[in-house]
Amino acid sequence: MIRTRYFQTDGTLQPDLDPGAFPTALSEAGSLLWVDFMGEAPEVCEPILLKTFNFHPLAVDDALRESHVPKVDDWDDYLYIVLHDIGFQSENSEIETFELDVFLGLNYIVTHHDLPIKSLDRVWETCERDERNFKRGADHILYRIIDELAADFMQVIEAMDDEIDRVEDEVFKKPDTSMIQRIFTLKRATLHLRRVMSPLREVFNKLARDDYAMIDQRDRVYFRDVYDHLVRLHDIAESMRDLVSGTLDTYLSVINNRMNDTMKTLTLITTLFMPISFLAGFFGMNFFAP
C-alpha cells in the first residue's frame, strides 16, 4: 500500500497523490510531501525511490532488502534513518521488533515498513486532524514519529515491569518448574530491549546534536527532549535486567530452602525409624539360634 499526503503552499492538504505527480510536488517550494510505503514489493518501491526521489542505490537497497540496527546516514541532500518500534506479547513475554526506514529531505519525508506500525499510524492520523504539523516542516513530522516510538517503548517497559512483578509474587507462592522458563524468557526480552535501545539512543543523540541541513536549528530542542526520554527509559531497562537476575536468584533460593525443608523431614523420619530398624536387624540375626 502506498499512501500520500501533500501539503500545498496555499495551505490545502491533498490526499492520495498519484506517483506521477511527485516530481511536480517536490519542485514546489514551501510544500511538503509525505509518502508512506507499507508492505509494498521492492519492485514497486524501487523505481519511485531511485528515479523520482533520486536516492542512492545503496540507501534504497538498505531500505528495501536489508535489515539494520538503528542508524542515521547523511547523504547531503537527505537523511536515511533506520528506526525500530517494538511491541510486547504478555502471553509469552516476547518482544516484537518492527523496522521503519525514513528518508528525510527539506520538503518531503518518505517512510517504508513491511508491517503496520502503530506509532506511525498515530502520527498520520494526528497530522490529518491538525494540518499545522505539516506547516512546521518535514523535520517536525520526523520528531512526531520518534516521539511516538519513545511512547511505545514506555508502554513495553511498563508491561514488562508488571510481568516481572507477577513473576516475583508467584516465586514465593508456587515456584514450579515452569517458573524458570518464564524468568529466562523475561531475561531474553530485557537483553533484546537493550540491543534495540542502545543504537536507537545514539540515533536520537545525533538528530538532536549534529548539524544536519534537513533539521531546523529551532527543532533540535524537540529531538533533545525525546533523546532525554529515551535515556531515562534505557536506564529503567537496565534496572529491569537487574530485577530479572534478582528474581532468578530468589527462585533458586526458594527452591533450595524447600529442598532443605524436605531433607529435614526425611532426616527426622529416618532418625525416628533408625532404632526400630536396628532392633529388627539385630534380633533378626541367627547367631542366637541353638
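A brief structural summary.

**With respect to the overall build of the protein chain**
Counting its secondary structure elements, the protein chain contains eight helices and seven strands. Counting only residues that meet the buried cut, the protein chain has 41% of its 290 residues in that class. Across the protein chain, the fraction of contacts at a sequence separation of at least 24, relative to all contacts at a separation of at least 6, is 63%. Counting every atom, the protein chain has about 15400 Å² of accessible surface; 54% of that belongs to carbon and sulfur.

**Thoughts on the sheet that holds strand 7 (residues 108-113)**
Strand order across the open sheet formed by seven strands is 2-1-3-7-6-5-4, with mixed pairing between neighbours. Here the strands that pair on one side only, and so sit at the sheet edges, are strand 2 (13-15) and strand 4 (71-74). Each neighbouring strand pair of the sheet contributes to a mean axis angle of 15°, computed without reference to strand direction. Looking at chain direction, strand 3 (residues 32-38) and strand 7 are connected through six bridges and run parallel.

**Overview of helix 4 (residues 118-129)**
Taking 1.5 Å of rise per residue, the twelve residues of helix 4 would be expected to cover 16 Å, and the 17 Å separating its terminal C-alpha atoms lies within 8% of that figure. Within helix 4, the full set of buried residues consists of S119, L120, V123, W124, T126 and C127. Buried residues of helix 4, seen end-on, are gathered within an arc of 165° and therefore sit on one face of the element. Away from its buried face, by an angle of more than 90 degrees, helix 4 presents the exposed residues K118 and R129.

**What about the packing of helix 2 (residues 42-52) against helix 3 (residues 57-65)?**
One way to put it is that helix 2 packs onto helix 3 with a least axis distance of 10 Å and a crossing angle of 155°. Classified by the angle their axes make, helix 2 and helix 3 are roughly antiparallel. Crossing of helix 2 against helix 3: the hand is right-handed. Of the residues in helix 3, those in contact with P42, C45, E46, L49 and L50 of helix 2 are P57, V60, L64 and R65.

**Re the packing of aromatic side chains**
Summed over the entire model, instances satisfying the criterion amount to 13 aromatic pairs. Aromatic rings pair up to connect F22, F53, F55, W75, Y78, Y80, F103 and Y108 into one cluster. One residue, R3, lies across the ring of W124, its end atom 4.3 Å from the ring centre.

**Section: the pairing of strand 7**
In terms of burial, strand 7 is largely enclosed, as six of its six residues are buried. What you see with strand 7 is no split at all: Y108, V110 and H112 on one side and I109, T111 and H113 on the other are buried throughout. One ladder, built from four bridges, connects strand 6 (residues 94-104) with strand 7; its direction is antiparallel. When the bridges of strand 7 are listed, F103 appears paired with V110. Counting the residues that bridge the hairpin from strand 6 to strand 7 gives three residues.

Reading the values: rules and limits
Residues numbered from 1 in each chain as written. Predicted model: local features only at pLDDT ≥ 70, side-chain atom pairs only at ≥ 80, totals over all residues. Heavy atoms only, no water. Helix = DSSP H or I, 4+ residues; strand = E, 2+ residues; numbered from the N terminus. Buried < 20%, exposed > 50% of the residue type's maximum accessible area, 1.4 Å probe, protein only. Contact = heavy atoms within 4.5 Å. Areas by Shrake-Rupley, 256 points an atom, 1.4 Å probe, with all protein chains shown as cover. Pairing = 2+ DSSP bridges. Axes fitted to C-alpha atoms, helices over the stretch in contact; angles between N-to-C directions. Expected span 1.5 Å × (residues − 1). Arc of directions from axis to C-beta. Parallel < 35°, antiparallel > 145°, perpendicular 65-115°, else oblique. Left-handed = near helix turned anticlockwise from the far one by under 90°. Phe/Tyr/Trp six-rings, centres within 6.5 Å; stacked < 30°, edge-to-face > 60°. Lys NZ or Arg CZ within 6 Å of the ring centre and 35° of its normal.

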